[in-house]
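Next come the chains, spelled out residue by residue.
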Amino acid sequence: MQDYHINIFYSDDDEGYIADIPDLEACSAFGETPDEALHEVQKAKDLWIKAARARGQACSAPKISTGYISGGFLITSADRAAMHRLMSMQPEQPARFDPGNDC
């Protein structure tokens, strides 16, 4: 079964993470962490669908599709400085590939 696509992003204005479901108008939630925002938007989705059904409104099937369900989610950040810091981090010891190693 395909579920609704969820966006999670950091909001500088709110100083926290926002999760929203584009297919469900105005269905969004806030969290101090990405996991908290995800948990809250899943509760909001359930309440959104329950309220729509109570009004006799049909709930449309998910429209946004990635072609498969990976179990993962994408986090985007509006905080460019933080993104640059993360991207510039170097591992302490680079991974080495040894084509002769069978392990």
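Residues numbered from 1 in each chain as written. Predicted model: local features only at pLDDT ≥ 70, side-chain atom pairs only at ≥ 80, totals over all residues. Heavy atoms only, no water.

This part takes up the confidence of the model for the chain. Summing up the model confidence of the chain, the mean pLDDT is 76 and the portion of residues at 70 or higher is 59%. Mean pLDDT across the elements of the chain bottoms out in strand β4 (residues 75–77) (55) and peaks in strand β3 (residues 28–31) (96). (pLDDT = per-residue confidence, 0-100. Helix = DSSP H or I, 4+ residues; strand = E, 2+ residues; numbered from the N terminus.)

With that settled, the discussion passes to helix α1 (residues 34–54). With 21 residues, α1 extends 30 Å from end C-alpha to end C-alpha; this agrees with the ideal 30 Å at 1.5 Å per step. When we look at burial in α1, the residues that qualify are P34, A37, L38, V41, K45, I49 and A52. Down the axis of α1, the smallest arc covering the buried residues is 105 degrees, so these residues share one side. In α1, the exposed residues that point more than 90 degrees away from the buried face are D35, L47, K50 and A54. Remark: G56 follows α1 within two positions and exhibits a positive phi of approximately 80 degrees. (Expected span 1.5 Å × (residues − 1). Buried < 20%, exposed > 50% of the residue type's maximum accessible area, 1.4 Å probe, protein only. Arc of directions from axis to C-beta.)

Here the focus is the pattern of salt bridges. Any two side chains of opposite charge can pair, given that their charged atoms come close. Counted under the stated rule, the structure contains two salt bridges. Salt-bridge contacts for K45 lead to D3; the nearest nitrogen and oxygen are separated by 3.1 Å. Of this pair, K45 sits in helix α1 while D3 sits in the segment before β1 (7–11), placing them 42 residues apart in sequence. Residue K45 is classed as buried on the basis of its relative accessible area, which comes to 13%. Put simply, K43 and E40 hold a salt bridge, and the shortest N to O gap is 3.2 Å. Taken together, the positions of K43 and E40, both in helix α1 and three residues apart, correspond to about one turn of that helix. For K43, a relative accessible area of 40% puts it in the partly exposed group. On the accessibility criterion, E40 (26% relative accessible area) is partly exposed. (Salt bridge = Lys/Arg side-chain N within 4 Å of Asp/Glu carboxyl O.)

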